[in-house]
Structures are given as structure tokens and as C-alpha cells.
Amino acid sequence: MKEINIPTIEKINIEAFQKDLVSWFLEEQRELPWRENKDPYRVWVSEIMLQQTRVDTVIPYFNRFIDWFPTLEDFANADEEKILKAWEGLGYYSRVRNLHSAVQEVKALYNGVVPDSPEEISKLKGVGPYTAGAILSIAYGKPEPAVDGNVMRVLSRILMIYEDIAKPKTRKTFEAAVRKLIDHNHTSAFNQALMELGALICTPGKPACLLCPVQSHCLAFEAGVQSELPVKIQKKKTRDVPIVAVLLTNEKGEFLIHKRASEGLLANLWEYPNFENHTSLQHKREFFESRFQEMYGVKPEITDPLVKIEHVFSHLVWKVDTYTGTVKEKISEATLIENQLKWVSKTEIEEFAFPVSHQKMMKAYNDKEGNN
DNA sequence: AACACGTGGTC
DNA sequence: TGACCAAGTGT
């Protein structure tokens, strides 16, 4: 275990810093549904939802999630279709599948009680260094660091740390800092205060230093360099992926849907039949029809163009040309099962989780038909 | 270490 | 309008 040295920490009056920060949090914290109590299960769910996701986005999802699965055991017993539906639209869907298997493990191994040791809790799927520290400090009062993007931004300023926060090893520097700074009597408030401060005051763009409860402790403010911090180098280019997707119906008015693979992008979510189309430009319909036929043995008929959808992911961009179409011939039951295809009515379709891009297809269809 | 993994909001 | 961002983790 290498010792991490942070010279500037000597300049901080730690007790005064703790008091100013924690007092501010106790006074000014937002009322959030996951702050109603310290149930480790609720804290856990909220921390997973909040990964890379805004508070305002999470609130309605969290409330519905707790409504559907009030206890850890309720969630452990839920089926995968339902848990994906609970997450539909939130993104990063592996979060909910990992949470599900982790919760089932807690039920089986720990009698349904979320473990309170760093070693045990860190073994759970989807529980990394941040989430482990967050649950341990918030739900169990353990003096563990919970270093997220907010904490790195706030502490990079207070301690004038110029390490690139995009680099994995940098998190360790900030964990070491938190271990020295954390208020052992108020671990929950201290860690949450760091994040709350980052969200409300010590923001990325223009930090509201004049309103900051720990302004007098901030080395970057003292030096007038708060806008230069944190240092963050990085940006990957996205690549375009052209896709042709078709909303296919049969004579019964049912829609054909396809379940995505169990790993990778949008794993296990449902979608309308589509193919990546690197070939060309004017022949998208023919391309789809022939690919569909070679995959499933039946030739669909594409009728009308629907909408063009551009969907931006963090690492790629789908350029989707969508159409409506019909399937007149019968697709055999074996083919349907083998290829994870399903005919569903407009009512049944509500039970399945779709990525946002494909939700837009049905919306466009409804808008166009003027029905619902 | 670097990249895959979603979505909606912001300046 | 195109980054850049928001309470990260798995591989």
C-alpha cells in the first residue's frame, strides 16, 4: 500500500472545515425521497440510479421503483422483464441487472441484510469504490470515502490539486484526502455535503464562491484559480452507425418486436426489427427486406417511411431510418423463438422495456395515424 | 489504462 | 449546435 502525499492538506483547519461543511449541509440540504430514512436498500438503489444521472431525472424513477419494490426482498423476487421496465429510459441498463443479481446475493448469503464491511459490500455486482463508500457512510455511519465527480471537483479546488480527474488513479488521491478530512461523527452528512456542495455551489462552470460555506478554507479561491480546476483531459469521438428499422404489423394488427442480446449495448431490451446498414443510400428498403428474409425466411413489405431518428449515445450515434411495413406470411413458431422475436398487441407492448430511440418510433407511428 | 455503457439538460 | 456534463462500474 503506497502512501499518498497531499501537501496542501496541512493548510486546512480540519475541524473548522468539518463544522462549516456539515452545518451547511444540515441546514441547506435538499429534501430528496432517498433521504427520508437510512434504509440501506433505499440508499443502495438511489446510489445506483444516481450514477452519471441527474437528481431531477432520478426522483420519479426512484419513487416508482420503491412503489414497485418496497423492500430488498420484493426486488430480489421480481422478474427481469419487470426490473428492466422499472429502468426503461434511465440508461446504463447493466446497472439494474447487476443490482438485481447483487440483491439476490444479499438475500441468499446475508439473510437479506446489506453487508456493512468494505470487503463484503465491494464484492457485490455493480458496487464499485464510490457506491461502497456511499452506502457504508450514509446507511451505516462508517468513515469511508465516497469519491464521485463532485467530490473530486470540490476537493481539487479546496486543496488545489491539479491531477487529471479523468485518470483512474486520481480517485485514490481524493480518497486519501477524504480519509484525512472526514468527520467521524458525521460520516453521512460529511460525504453527502461534499456532493451537495458540488451540485449546488461548487459547480463545474461558474462556482458560486460568494455563497460557499467553506470559502474561507478554499485554497483555489484564495489563489483565484477556482475556474481552472479541476483539470480534466479527455474526449472520445463518437462514431456514426447507420441503421434501418421497421415497425412491422401482421393482419391481426400486432407488432413484431425483437429481444436484444444479453450482453453489450442495451442488453436484454426489446426493439423493432432493424439492421445495421453500411451498404448504401437509396436501397435501404430492399436491404432490409432481403436481410429480414435471409434471417427469418419470410419477406416483409415495407410501406411508408416513418421518421429519421438520430440517437446520441456516449460513444456512438445511431442514424436510424425508420419505416412501417407488413408481414403477410406466417413466421413459424420455431423461428420466432429461435430469434427472440414476438408478436404483441399494442396493449401487451407496454410490458416490455424499449430504448428511447425505439420508443420514438411508436410515438411517431401514433402521431401519424392520429390514433393511440 | 482505455473504452463500453444511455439519456436528457445546458450554455 | 456541438461539446460537455451528472452521485461510476465492468472488462
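Described below are features of the structure shown in this document. All of these numbers come straight from a predicted model, not from anything done at the bench.

1. Observations concerning the protein's contact with DNA strand C
Close to DNA strand C lie 26 residues, the nearest being Q52, G126, D148, N150 and P204. Among the atoms of DNA strand C lying within 4 Å of the protein, the sugar-phosphate backbone contributes 67%. In this structure, a phosphate oxygen belonging to DNA strand C sits 2.9 Å away from a main-chain N or O atom of G128. Within the backbone of Y130, a nitrogen or oxygen atom sits 3.3 Å from a phosphate oxygen of DNA strand C. At the level of secondary structure, the elements contributing two or more residues to the surface near DNA strand C comprise helix 8 (129-140) and helix 9 (149-158). Of the residues belonging to the surface near DNA strand C, the class tally is nine nonpolar, eight polar and nine charged.

2. A closer look at the pattern of salt bridges
Scanning the entire structure with this criterion turns up 17 salt bridges. One salt bridge connects D321 with K284, and the closest N-O pair in it is separated by 3.4 Å. Of this pair, D321 sits in strand 6 (residues 316-326) while K284 sits in helix 13 (residues 284-296), placing them 37 residues apart in sequence. Take D321: its relative accessible area is 12%, and that puts it in the buried class. Under the relative-accessibility criterion, K284 is labelled buried at 15%. Between K308 and D321 there is a salt bridge, with the nearest N and O atoms lying 2.5 Å from each other. Of this pair, K308 sits in strand 5 (residues 301-312) while D321 is found in strand 6, placing the two residues 13 residues apart along the sequence. It is possible to trace a salt-bridge network through shared partners that takes in R30, R35 and E196.

3. Thoughts on the packing of helix 8 against helix 11 (residues 187-200)
It is at 7 Å that the axes of helix 8 and helix 11 come closest, and there the two elements cross at 135°. It follows that helix 8 is oblique to helix 11 by the angle criterion. Touching Y130, G133, S137 and I138 of helix 8 are T187, S188, N191, Q192 and M195, all from helix 11. When grouped by side-chain class, the residues that make up the contact of helix 8 with helix 11 number three nonpolar, six polar and no charged.

Criteria and cut-off values
Residues numbered from 1 in each chain as written. Chains lettered and ligands numbered in written order. Predicted model: local features only at pLDDT ≥ 70, side-chain atom pairs only at ≥ 80, totals over all residues. Heavy atoms only, no water. Near = heavy atom within 4 Å. Polar contact = N/O pair within 3.5 Å; in protein donor to acceptor, adjacent residues only side chain to side chain. Helix = DSSP H or I, 4+ residues; strand = E, 2+ residues; numbered from the N terminus. Nonpolar A, V, L, I, M, F, W, Y, C, P; charged D, E, K, R; others polar. Salt bridge = Lys/Arg side-chain N within 4 Å of Asp/Glu carboxyl O. Buried < 20%, exposed > 50% of the residue type's maximum accessible area, 1.4 Å probe, protein only. Axes fitted to C-alpha atoms, helices over the stretch in contact; angles between N-to-C directions. Parallel < 35°, antiparallel > 145°, perpendicular 65-115°, else oblique. Contact = heavy atoms within 4.5 Å.

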